[in-house]
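For reference, the chains in residue letters:
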Amino acid sequence: MDATTFQQYILPAVIAGIFLIAGIWLTNSLNNNDNKLSSREKTETKSPDGTITKREMEIYK
């Protein structure tokens, strides 16, 4: 294998593989940063004057 074959084919493939692995790692680290949904609560309150109040709450760990 001569140097031109290495520079034309193998080196770009190795660099692309490094970028691919870095991209997968970055995506995984951004998605798994402990912001997972713990619970979701929905409450509906009816007052004596006839108004309805809806409240939604999401709790993250």
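A.B. asks: Is there a simple way to think about the overall build of the protein chain in this case?
C.D. replies: The helix and strand tally for the protein chain stands at one helix and two strands. Taken from the N to the C terminus, the helices and strands of the protein chain come in the order α-β-β. In summary, the protein chain has a C-alpha radius of gyration of 27 Å against a globular reference of 10 Å for 61 residues, an excess of more than 25%. If you line up the protein chain on its principal axes, its C-alpha atoms span 85 × 20 × 10 Å. Expressed as a percentage of the 61 residues in the protein chain, the buried residues total 0%.

A.B. asks: It is not clear to me how the confidence of the model for the protein chain should be interpreted in this structure. Could you clarify?
C.D. replies: Caution applies to low-pLDDT parts of the model: their predicted coordinates are not meant to be read in detail. This prediction gives the protein chain a mean pLDDT of 86; 93% of its residues lie at or above 70. Mean pLDDT across the elements of the protein chain ranges from a minimum in strand β1 (residues 37-46), with 86, to a maximum in helix α1 (residues 3-31), with 89.

A.B. asks: Just checking my understanding: could you explain α1 for this structure?
C.D. replies: For an α-helix the count is 3.6 residues per turn, leaving residues at separations of three or four pointing the same way. Its 29 residues give α1 an end-to-end C-alpha distance of 41 Å, which sits within 8% of 42 Å, the value for a rise of 1.5 Å per residue. Most pronounced at Ile10, the bend in α1 amounts to some 35°, and the proline Pro12 follows within four residues.

A.B. asks: What's the story with the pattern of salt bridges in this structure? I'm lost.
C.D. replies: Once their charged atoms are close, side chains differing in charge can pair, the charge on each being opposite to the other. The final tally for this structure, using the stated rule, is one salt bridge. The partner of Arg40 in a salt bridge is Glu58, with the nearest N and O atoms 3.2 Å apart. One end of the pair, Arg40, is in strand β1; the other, Glu58, is in strand β2 (residues 52-60), and 18 residues separate them in sequence. Overall, Arg40 belongs to the exposed group, its relative accessible area being 52%. Here Glu58 falls in the partly exposed class, since its relative accessible area comes to 42%.

A.B. asks: Would you mind showing me how to read the environment of Asp49 here?
C.D. replies: The residue Asp49 is located in the loop between β1 and β2 in this model. As for Asp49 and Leu26, which are separated by 23 residues in sequence, their C-alpha atoms are 53 Å apart. Within the structure, the side chain of Asp49 is placed 2.5 Å from the side chain of Ser47, a separation counted as a polar contact. A polar contact of 3.1 Å, which involves the side chain of Asp49, links it to the side chain of Thr51.

Analysis parameters
- Residues numbered from 1 in each chain as written.
- Predicted model: local features only at pLDDT ≥ 70, side-chain atom pairs only at ≥ 80, totals over all residues.
- Heavy atoms only, no water.
- Helix = DSSP H or I, 4+ residues; strand = E, 2+ residues; numbered from the N terminus.
- Rg over C-alpha atoms; globule rule 2.2 N^0.38 Å.
- Buried < 20%, exposed > 50% of the residue type's maximum accessible area, 1.4 Å probe, protein only.
- pLDDT = per-residue confidence, 0-100.
- Expected span 1.5 Å × (residues − 1).
- Bend = angle between axes of the 7 residues up to and from the residue.
- Salt bridge = Lys/Arg side-chain N within 4 Å of Asp/Glu carboxyl O.
- Polar contact = N/O pair within 3.5 Å; in protein donor to acceptor, adjacent residues only side chain to side chain.

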